[in-house]
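Descriptive structure summary
Take a look at the letters that make up each chain.
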Amino acid sequence: MLRKNILLYFLYIVSSIILLFGLGYTKNWENKDIIVGFIFLGCYIFGTKYRFTSIILLVTFSVLSFYFPTGIIYGKPTEAILISLIQTNKLEVIGYFMAIKYEIFLSVLFIIIQFFIYQITKKEIYKFKYFTIFAFIFLYIVSLFGISVNHHGINRNAFLKNSIDSWKVIRKQKEEQRINLGDSSAIKIEGKIDNNDDTEIRVVIIGESVRRDYMSVYGYPNNTTPFLNSAKGIFIDGLVSAGPNTQLSLTRTLFKAIPTENRIHWGINVVSLANKAGYETYWISNQGANGWGDDVFYNLSKLATQNKFLKTGDFNSGNNDDEEMLPILEKIINSNAKKKVIFMHMIGSHEPVCSRIGNFTPNFKLHNEAGCYAATIEKLDLFIEKITKILKGKKYKLMYFSDHGLSVGKTEVFHNNNIVEEYQVPLFYLDSDIKEHIHIKKKISGLNILDIFSSFINIKSNVTDSNYNFHHASKLTDNSDPIIYWDEYRPFSTIQKKQPPIRDIQSNIIGDTVKLENNYKFSKECVSYVDSVDVAFPLNKEVYKIYGWAAADKDKKPLDEAIGVFIIKNNQVYFIQGDKQARNGVRDHFNISPGERDDYGIVSFVDKKYVDSIKNTYLGYKDQYNQYHICIRNNQF
């Protein structure tokens, strides 16, 4: 009985710590949050006395664990986080879950612990006590909603309280969009910037997920932009996107953002400005036409003279290529002689990046995710070149900018709001009359894209600043620390982590492969689990990715030696060198302290010819005496 009680209290404490960690309390830790940990602990102590309260805890806390991967990375739920989860388009969500797939193990582990607690406690019979019930109800409510008395609160950042408050803000914002989006009464056109401007066609290309440091026109050493490298135009090196994802960025780029009031003036936007200036306006999109993340841009497109979406449903309703927009563009250009502003919203370099390449053949071999990303940049370059060919013979102006960048690695590409390069995006301008290739280094906030656009369509207005002009960009005062939006408006300088671009995109990441003779053994000194054996990159079926984890059997710590994959094929054993990756879910599975190492993960990239099946694939290590140890399998993880 004593041993069982010790085990239960150990599980209560572990669960309380995991809740603090998974719900984001430790991300921005305050000393008073230790009280929240005791509140969670109290919920377990009082709530497991009776079966119905145990079921409440089991269900509620298990559901809360679905938030753990987000809480670990971003912290407690806020308006910005919920908007990113429910308003961003579905492919961004897919890309996000691809990036957090390892953190999901903590959720799985936590749910297993909750079932274990329930199985132990459901057999116990306790005498009904009102104090126990009232104590549980009080602590349970405070754990989820917090409590505040005379402006003094306990657990003010409670999960459900934050979520409900953020949801109210989001609903209010959507209602404001619905009411005000079409109200352009605040816009007053005050005149033209250049009365001699006789441009027929103006094209605005809204890029997706493009970092400028992967474009050779901005200095990337691999030739990813052969057309733009010498194209006649103005290239701004220094645009900082307004936010780290599509929704947060473009709602503050295509609309008038008022940071001092934390408000967006929905009626002041790029389409309404062009309409008021007398242009025919067109919106062509390869993004979704409905859904939480798509609706604001779809509603914006309806303000245009015509709109055309390649996808009739949400983001997942088709796998269309950006080039499918080109015939639509050509038809619009030749439809009549009226002056036009045409918006084109690309799918661009959106993750999963290897799926964005389609039938395009890059000028380099694709061996990793970074290579796929660079290939999407080269594809973008060709896309713009084809647009200029369609526009040939017309007097045109073209501007391009991207909504945000991405975190780019050799094995994964995903959103990461905490790296500098996520916000450093391209901005350039092409003109049928311009005779030079001009490069201007000038730091500009994405919040000023609306000002740049108004100059681009040759108007002065009461709601924009005509000083933001491509032709006069070199005279602008450098914005040394632009404002961005994540959780709240903040200086760009608050983002400190840097991620230089990967230059060796053509390097083969297949690990060194060794054919073993007698210098190996199946070892009980370590345990392992193979998660997956699959094609690594859609456009290169010759490279496989093998992923799993391994740990020392005695102390359950990560392996220190040279780790990798063993494949047994045709009575021959091969060892392929691998790399370590963080797997805190494995660490928690073994009940190792969160402060300890978590590099249990092993990933190896393998030539297809060596791959057999998952049952013939093992993990292990090479020791200092060049002896190879194949770890026994742990099939119950």
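Quick note: structure is the one above.
Everything quoted here is computed from the prediction, not taken from an experiment.

Rules and cut-offs
- Residues numbered from 1 in each chain as written.
- Predicted model: local features only at pLDDT ≥ 70, side-chain atom pairs only at ≥ 80, totals over all residues.
- Heavy atoms only, no water.
- Axes fitted to C-alpha atoms, helices over the stretch in contact; angles between N-to-C directions.
- Helix = DSSP H or I, 4+ residues; strand = E, 2+ residues; numbered from the N terminus.
- Parallel < 35°, antiparallel > 145°, perpendicular 65-115°, else oblique.
- Left-handed = near helix turned anticlockwise from the far one by under 90°.
- Contact = heavy atoms within 4.5 Å.
- Nonpolar A, V, L, I, M, F, W, Y, C, P; charged D, E, K, R; others polar.
- Pairing = 2+ DSSP bridges.
- Core = buried A, V, L, I, M, F, W, Y, C linked by side-chain atoms within 4.5 Å.
- Buried < 20%, exposed > 50% of the residue type's maximum accessible area, 1.4 Å probe, protein only.
- Expected span 1.5 Å × (residues − 1).

What follows concerns the packing of helix 13 (residues 326-333) against helix 14 (residues 369-391). For the pair helix 13 and helix 14, interaxial distance at closest approach is 10 Å and the crossing angle is 25°. Judged on the interaxial angle alone, helix 14 and helix 13 are roughly parallel. Here helix 13 and helix 14 pass one another in a crossing that is right-handed. Seen from helix 13, the contacting residues are L326, L329, E330 and I333; seen from helix 14, they are F383, K386, I387, I390 and L391. Split into classes, the residues belonging to the contact of helix 13 with helix 14 amount to seven nonpolar, no polar and two charged.

Attention shifts here to the sheet that holds strand 15 (residues 437-445). Strand order in the open sheet made by the eight strands is 9-8-10-4-11-14-5-15, with mixed pairing throughout. Edge positions in the sheet fall to strand 9 (306-309) and strand 15, since each has one partner strand and no second. The sheet shows a mean angle of 15° between the axes of neighbouring strands, direction not considered. Sheet topology places strand 8 (residues 280-285) next to strand 10 (residues 340-345); six bridges connect them, and they run parallel. Bridge assignment links W283 to a residue of strand 10, and that residue is F343.

Ranked by size, the top nonpolar core spans 51 residues in total, and within it M215, L228, I342, M344, I387, L398 and F428 carry the most contacts. Excluding residues within four positions of it along the chain, I342 makes contact with I201, R202, V203, V204, Y282, I284, L329, I332 and I333. Core analysis: the second largest hydrophobic core is formed by 48 residues, Y12, I18, F136 and Y485 among them.

Turning next to the side chain of R202. Within the fold, R202 resides in strand 4 (residues 201-207). Every residue in contact with R202, bar those within four places of it in the chain, is listed here: D197, Y279, K340, V341, I342, K397, F456, I457 and N458.

With 23 residues, helix 14 should reach 33 Å at 1.5 Å per residue; the first-to-last C-alpha distance of 33 Å fits that figure. The buried count for helix 14 comes to 18 of 23 residues, which makes it a mostly enclosed element. Looking one or two places after helix 14, you find G393, whose phi comes out positive at around 95°.

Position of F309 among the secondary structure elements: in strand 9. For F309, a relative accessible area of 9% translates into the label buried. Remark: the alpha-carbon pair of F309 and G288, spanning 21 residues in sequence, is separated by 7.4 Å. The residues touching F309, leaving out its near neighbours within four places in the chain, are W283, S285, Q287, G288, A289, Y298 and S301.

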